[in-house]
Amino acid sequence: MQDRFPAQERFSDGAQYIAGRLTKGTSGVTHTVVDPATGEDVLTYELAGADDVDAAVAAARAAFAGWSAATPGERSDALHRFAAVLAGHAEDLARAESLQCGKPLKLTREFDVPGTIDNTSFFAGAARHLAGQSAGEYSGDHTSYVRREPIGVVGSIAPWNYPLQMAAWKILPAIAAGNTIVLKPAELTPLTSLLFAQAATEAGIPDGVVNIVTGTGRAAGERLVGHPDVAMTSFTGSTAVGKRVAEVATATVKRLHLELGGKAPLLVFDDADLEAAANGAVAGALINTGQDCTAATRAYVQRPLYEAFVARTAALMETVRVGDPFAPGTDLGPLVSHVQRDRVASFVDRARGYARVVTGGEAPRGELEKGAYYLPTLIADAAQDSEVVQSEIFGPVLVVLPFDGDDEGVALANDTPYGLAASAWTRDVFRANRATREIKAGCVWINDHIPIISEMPHGGYKASGFGKDMSVYSFDEYTQVKHVMFDNTAVARKPWHRTVFGDS
Ligand code: NAD
């Protein structure tokens, strides 16, 4: 379907981006990107092997001296140009992202692409505001200050659910702080990471500062994480793979940033605006066909509102228009692949044995059958310890459970291994404030669920990982802090020397 986005033509030179140009992978293995809406081939390319990863790391290493020595103003100017170039390619980026992921064009045009451009503008500004926190004569005899320095070559690994935004979240703070980077996107979805890197070159960011290797996790991913010339690993993906990445990174003593899975609760107290909560639950559960680490997955609704919430949420889900991502009027596209669709369906099929499937629970029939589609699905009355409540399904599935007292609601919200995001719905300021304090998650929304913004951090608690993407907090991941201490006394025998020799 070359008219959707001409991927084969655009990446005829290969799907690796090393030292400012596209090259072919040398692993000897090819991969085919498939349009999940149609099942048709989009791009067949050679995957990266160890030699390609080594070449990309060498390019990043060679670029580090120059890029890290650029002034903050120079890096900022380059990032401002980068944002402008991206804006010029907005439609291409949106179409490529819709094609490889199955996202409706309205989502990529209104969310993925503008969010990425805004992130780029944000880091263009933030690049000039990197600061050490303190300088002074703390000991009396010395002047101390703090230097905030880049770490070196960053090796990043990204998932397939938001390929463009994940590339941006990894690459931008790293390079704004003076690092260089090698990013491995998921092999299913390489197109927009490659377009992003090409735009960086077009904006005048030096060759080697941004490199992309597109290969499998086992081959290219582990090579990158374990590479001795890579100083830091930043990973976004599932908790299971994150554990493996941590093992490999730890063996080579690397700085580690892990953004992992989620199972976000949506807590609806009995004074909430029911219509707002139901709308928020459906939008929060179905965005990106539910393949969102912060998606609303578990709605806990206080008993007096429970049945009305179930009925209203199911009715709203039935209004969502499932269809071709490129067709006007589509609200919900397919999942990223047939494998992912079948995985989601198997969760729902097992749940029929212990819970109530209120709506959905099947793939749509007719002309959508060839795509990886699944209908918006609501499951009620599952037990708290059941797998649909505890495990990340990563599809358009919302589970609803009742609760009685406020204590119970907060406890249930916290009762999974994850802690990425949560929301509470109430008009009572004390309940809202309590939820923000007591829910263990990296983000808590009040009376909304999903919005993110460049100025604010994103990252997990508990098994959802550690470290922050976006905002100035991400600089804590991508910089290291050096204490510099000057002697101010010019005395040969300093008072503290008596601990080693002499008495005074
Ligand atoms: P995944 O963990 O299967 O894969 C993520 C990346 O890791 C891919 O690029 C993959 O090729 C690579 N990989 C796989 N095995 C590897 C290995 N042994 N060594 C190195 N790299 C390896 O995740 P996915 O299915 O692509 O994405 C969905 C997951 O990502 C969900 O769990 C979701 O919650 C999570 N996610 C989290 C955030 C966040 O900010 N916390 C954001 C988006 C997605």
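Quantities reported herein were computed from a predicted structural model and do not represent experimental measurements.

**Q** Could you give an account of the site of the ligand, naming the residues involved and the relevant values?
**A** In the region of the ligand, 29 residues are neighbours, and Ala158, Glu222, Ser238, Leu260 and Glu392 sit closest. Within the contact set of the ligand, an oxygen atom lies 2.9 Å away from a side-chain nitrogen or oxygen of Trp160. Contact with the protein chains hides 90% of the accessible area of the ligand, taken as 850 Å² for the molecule alone. Elements represented by at least two residues in the shell around the ligand include exactly α8 (217–226), β10 (232–236) and α9 (239–251). Inspection of the shell around the ligand shows a minimum of three residues originating in each of domain 1 (14–260 + 464–483) and domain 2 (264–446).

**Q** Help me get a handle on the nonpolar core, residues and values and all.
**A** Leu79, Phe82, Ile171, Ile175, Phe196 and Ile205 are the most contacted members of the largest nonpolar core, which has 68 residues in total. For this core, the leading source of residues is helix α6 (residues 163–176), giving ten residues. What Phe82 contacts, discounting residues up to four positions off in sequence, is Thr120, Leu172, Phe196, Ala199, Ala200, Ala203 and Ile205. Counting residues in hydrophobic clusters, the runner-up holds 28 residues, among them Leu267, Tyr300, Val388 and Val397.

**Q** For the side chain of Thr377, give the residues involved together with the corresponding values.
**A** Mapped onto the elements of the fold, Thr377 is located in strand β15 (residues 377–380). Exposure remark for Thr377: the relative accessible area of 0% places this residue in the buried category. Of note is the side chain of Thr377, whose polar atom sits 2.9 Å from the backbone nitrogen of Gly361. For Thr377, the side chain forms a polar contact with the main-chain oxygen of Leu375, separated by 2.7 Å. Once residues within four sequence positions are removed from consideration, Thr377 is found in contact with Met317, Val348, Val357, Thr359, Gly360, Gly361, Pro396, Val397 and Leu398.

**Q** Describe the pattern of salt bridges, and please don't skip the residues or the numbers.
**A** Applying the stated criterion across every chain, the model contains 31 salt bridges. In this structure, the salt-bridge partner of Arg431 is Asp270, at a minimum N-O distance of 3.0 Å. A residue pair is termed long-range when its members are at least 10 positions apart, and Arg431 in helix α15 (residues 429–438) and Asp270 in the loop between β12 (264–268) and α10 (274–286) qualify at 161 residues. Residue classification places Asp270 among the partly exposed positions, given a relative accessible area of 34%. Where Glu387 meets Arg350, a salt bridge forms, and the shortest distance between an N and an O atom there is 2.5 Å. Taken together, the residues span a long stretch of sequence, with Glu387 in helix α13 (residues 387–390) and Arg350 in helix α12 (residues 338–351) at a distance of 37 residues.

**Q** Describe the environment of Leu375, with residues and values.
**A** Along the chain, Leu375 turns up in the loop between β14 (356–359) and β15. With a relative accessible area of 23%, Leu375 lands in the partly exposed category. Along the chain, Leu375 and Val484 lie 109 residues apart, while their C-alpha atoms are 59 Å from each other. Apart from residues no more than four positions distant in its own chain, Leu375 is found in contact with Val322, Gly360, Gly361, Glu362, Ala363, Pro364 and Pro396.

**Q** Explain the UniProt feature "active site" (unreviewed entry) in the protein to me, and be specific about the residues and the numbers.
**A** Under the UniProt annotation, "active site" (unreviewed entry) lies at Glu259. Take Glu259: it is sitting in strand β11 (residues 255–259). A residue is classified by how much of its surface remains accessible, and Glu259, at 2% relative accessible area, is buried. Apart from residues lying up to four places away in sequence, Glu259 is in contact with Lys170, Phe235, Thr236, Gly237, Leu420, His458, Gly459, Gly460, Ser464, Gly467, Lys468 and Asp469.

**Q** Give a description of the environment of Val213 that names residues and reports values.
**A** Structurally, Val213 is set in the loop between β9 (210–212) and α8. Of the residues examined, Val213 reaches a relative accessible area of 0% and is grouped as buried. With 157 residues separating them in the primary sequence, Val213 and Ala56 have C-alpha atoms 7.2 Å apart. If we ignore the near neighbours within four places in the chain, the residues touching Val213 are Gln16, Ala48, Asp52, Val53, Ala56, Val182, Leu183, Lys184 and Pro185.

**Q** Give me helix α2 (residues 50–69): which residues, what numbers.
**A** Given a rise of 1.5 Å per residue, 20 residues ought to cover 28 Å, and the 29 Å separating the end C-alpha atoms of α2 matches this to within 8%. If you look at α2, its biggest bend is around 40°, right at Ala63. Inspection of α2 places Asp52, Val53, Ala56, Val57, Ala59, Ala60, Ala63 and Trp67 among the buried residues, and these make up the whole buried set.

Thresholds, definitions, all that
Residues numbered from 1 in each chain as written. Predicted model: local features only at pLDDT ≥ 70, side-chain atom pairs only at ≥ 80, totals over all residues. Heavy atoms only, no water. Near = heavy atom within 4 Å. Polar contact = N/O pair within 3.5 Å; in protein donor to acceptor, adjacent residues only side chain to side chain. Areas by Shrake-Rupley, 256 points an atom, 1.4 Å probe, with all protein chains shown as cover. Helix = DSSP H or I, 4+ residues; strand = E, 2+ residues; numbered from the N terminus. Domains from an automatic or database assignment. Core = buried A, V, L, I, M, F, W, Y, C linked by side-chain atoms within 4.5 Å. Buried < 20%, exposed > 50% of the residue type's maximum accessible area, 1.4 Å probe, protein only. Contact = heavy atoms within 4.5 Å. Salt bridge = Lys/Arg side-chain N within 4 Å of Asp/Glu carboxyl O. UniProt positions renumbered as here; feature names shortened; annotations may be inferred. Expected span 1.5 Å × (residues − 1). Bend = angle between axes of the 7 residues up to and from the residue.

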